[in-house]
Amino acid sequence: WVSAADGRIKGWDWQASDENGFAELMSRNGWVDIDAVAAQGQVNGHDSKIRVKIITASEEQNEFFFPGFIDTHIHAPQYPNAGLFGSSTLLDWLETYTFPVESRFGSPPNPKTGHQTSTDPKDAPILAQQIYDQVISRTLSHGTTCASYYATNHVPATNALASLCHSRGQRAFVGRVCMDNPDFCVDYYRDASADDSLVATRQIIEYIHTLDPEGNLVKPIVTPRFAPTKLFAPLHIQTHISENINELALVKELFPEADSYAAVYDKYNLLTPRTILAHAVHLTADERVLIRARDAKISHCPASNAVLGSGICPVRTLLDEGITVGLGTDVSGGYSPSILEAARQACLASRLLSQSVPWQRDNPPGADGIGSHAREKLSVSESLYLATRGGAAVVDMASDVGGFEMGMLWDVQLIRLGGVKLVEKSPLNVVSDGSVDLVKAGPVGNVDLFGTESWEEKIQKWVWAGDDRNVKAVWVGGRLVHSRV
Ligand code: GUN
Ligand code: FE
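Since the model is a prediction, treat every value here as computed from it, not as a measurement.

Quick notes on the rules
- All chains use their own residue numbering, which begins from 1 and follows the written sequence.
- Both sets of labels track the order of writing: A upward for chains, 1 upward for ligands.
- Thresholds applied to this predicted model are a pLDDT of at least 70 for local features of residues and 80 or more for the giving and counting of side-chain atom pairs; totals over whole chains, interfaces and linings are not thresholded and use all residues.
- Here exposure depends only on C-beta density: within 10 Å of a residue's C-beta, 20 or more other C-beta atoms make it buried, 12 or fewer make it exposed, and intermediate numbers make it partly exposed, the C-beta atoms being placed from the backbone.
- Helix and strand labels come from DSSP, where a helix needs a run of H or I of at least four residues and a strand needs a run of E of at least two; each type is numbered from the N terminus.
- Think of the arc as the fan of directions from the helix axis to the C-beta atoms.
- Whether two residues are in contact is decided by their C-beta atoms, placed from the backbone, lying within 7 Å.
- Note on definitions: angles span 0 to 180 degrees between N-to-C directions of axes, and those axes are lines fitted to C-alpha atoms, for helices only across the stretch in contact.
- Roughly parallel refers to an angle under 35 degrees, roughly antiparallel to one over 145, roughly perpendicular to one between 65 and 115, and oblique to any angle outside these ranges.
- Each helix crossing is assigned a hand: it is left-handed if the near helix lies turned anticlockwise from the far helix by less than a right angle, otherwise right-handed if that turn is clockwise.
- Only Asp, Glu, Lys and Arg are considered charged, only Ala, Val, Leu, Ile, Met, Phe, Trp, Tyr, Cys and Pro nonpolar, and every remaining residue, Gly among them, polar.
- Domain delimitation in this document rests on an assignment produced automatically or drawn from a domain database.

Engineer: Before we move on, can you summarise helix α8 (residues 285-294) with the specific residues and values?
Structural biologist: Listed as buried for α8 are Glu-287, Arg-288 and Ile-291. Taken down its axis, α8 places every buried residue within 100 degrees of arc, on the same side. Turned more than 90 degrees away from the buried face of α8 sit Ala-285, Asp-286 and Ala-293, all of them exposed. Residues of α8 that are buried sit in contact with α7 (261-267), β10 (275-279) and α10 (315-320). Directly after α8, the chain includes Asp-295, whose backbone phi takes a positive value near 60 degrees.

This is the structure in structure tokens:
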């Protein structure tokens, strides 16, 4: 049962729970604890097992609870552009698609001073309110219970995002994007100075601290866009690193004195245990050592890396070297707001990497005949680990979310897979002899079960073919925040 006072798991005596609609669910059936499903050994030094407890919730054995997903990297204002990128790569994509959409989140300036003075979310443009509300609805519907959001550099709209996360009940880190470097940023969308950037960032931190003084649901996160747009000091921090080859060249040009991209951030004390670095596709071995030493975390964004042609992040190498990794959708570099899709893309990308000729050349087979290229493949359970436990560690909440331990927050999704039954021949119910009547049988989404699958196989089908139609309900801190009839 889940305590109404703090939304945490207090026990597994389901009959005792009559809050938040649990009782009806609980009364339907016994509970099968199969937390060994995803446990396949070591992921990295810290957390020896990928343990996600799954509990069956229906007689058809096609429903189960799963820890809510954690999106460690998502740009909320870019959501209208999801799926739009043409054949651009990072730097021209930013100019063509991203800065124009983000710049629309500004409020009209004070006519006297020409500055945006309000910090009131109500002064955010309607468009910002609508898009942010939509992003929250959409991510919740895909089972994302916690997201680390980039907003824009506008204070009212960024505060509106924080306020909406709070009222809708989504756990969130909300960052106002800092970008003041005239050598890179476009004139129409840029902080006037580093001082302005500081003042505005403090305003959102103060606003969020007033909104949620304990930080129970929503927390601020300092968000310098990436090295080319300038930097800023501690709290939770998020930024981009080593995503694209042209970006690396730009960083080298802007910071000729720095040894590496990671060293630029380190110089400004931005590599901390509470720092989320997105992408990390082209890190050198030295940079990985530095990131590991600072215990900074990495958000792996495989869909974005593929569509923007950024490259393939060697996740296994990061994990083997003891770096903490979670998953990010990177909307709208990524086309999908779904972390399940990110898990699937992480599996796919790791398979492509394992088969790429340069990777195989640099990672020849060892004595056992198995090259590290073969090991590079992530299993379904490893991808789910990244989506839950890994993400929880990335946002520094590993003891609060990402699993079902006693005392953890009830940030959970109820997953329902399609229970297709093979139908008997009958005049009303048959498509053709021996076939499956999909309409009558009422499949849920793309995942059809045939009653023969083990739980491991059900989970594999879910990861490879599931989507938001399989997310029946979502809770954050014990509060029901999404349901689908
Ligand atoms: N690097 C700097 N800004 C961005 C952004 O908005 N998205 C991605 N994917 N990379 C970036
Ligand atoms: Fe990004």
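Engineer: Let's hear about the packing of helix α4 (residues 155-168) against helix α5 (residues 194-211): which residues, and what values?
Structural biologist: Between α4 and α5, the shortest axis-to-axis distance is 10 Å and the interhelical angle comes to 20 degrees. In terms of orientation, α4 lies roughly parallel with respect to α5. Both α4 and α5 take part in a crossing whose hand is right-handed. Touching Val-155, Thr-158, Asn-159, Ala-162, Ser-163 and His-166 of α4 are Ala-200, Gln-203, Ile-204, Tyr-207, Ile-208 and Leu-211, all from α5. Residue composition of the contact of α4 with α5, by class: seven nonpolar, five polar and no charged.

Engineer: Hey, could you go over the domain arrangement of the chain for me, with residue numbers and the actual values?
Structural biologist: In terms of domain boundaries, the chain breaks down into domain 1 (14-66 + 408-483) and domain 2 (70-394). Taken together, the elements giving at least two residues each to the side of domain 1 that touches domain 2 come down to α16 (455-465), β14 (471-476) and β15 (479-483). A total of four residues in the side of domain 1 that touches domain 2 trace back to one element, the largest contributor, which is α16.

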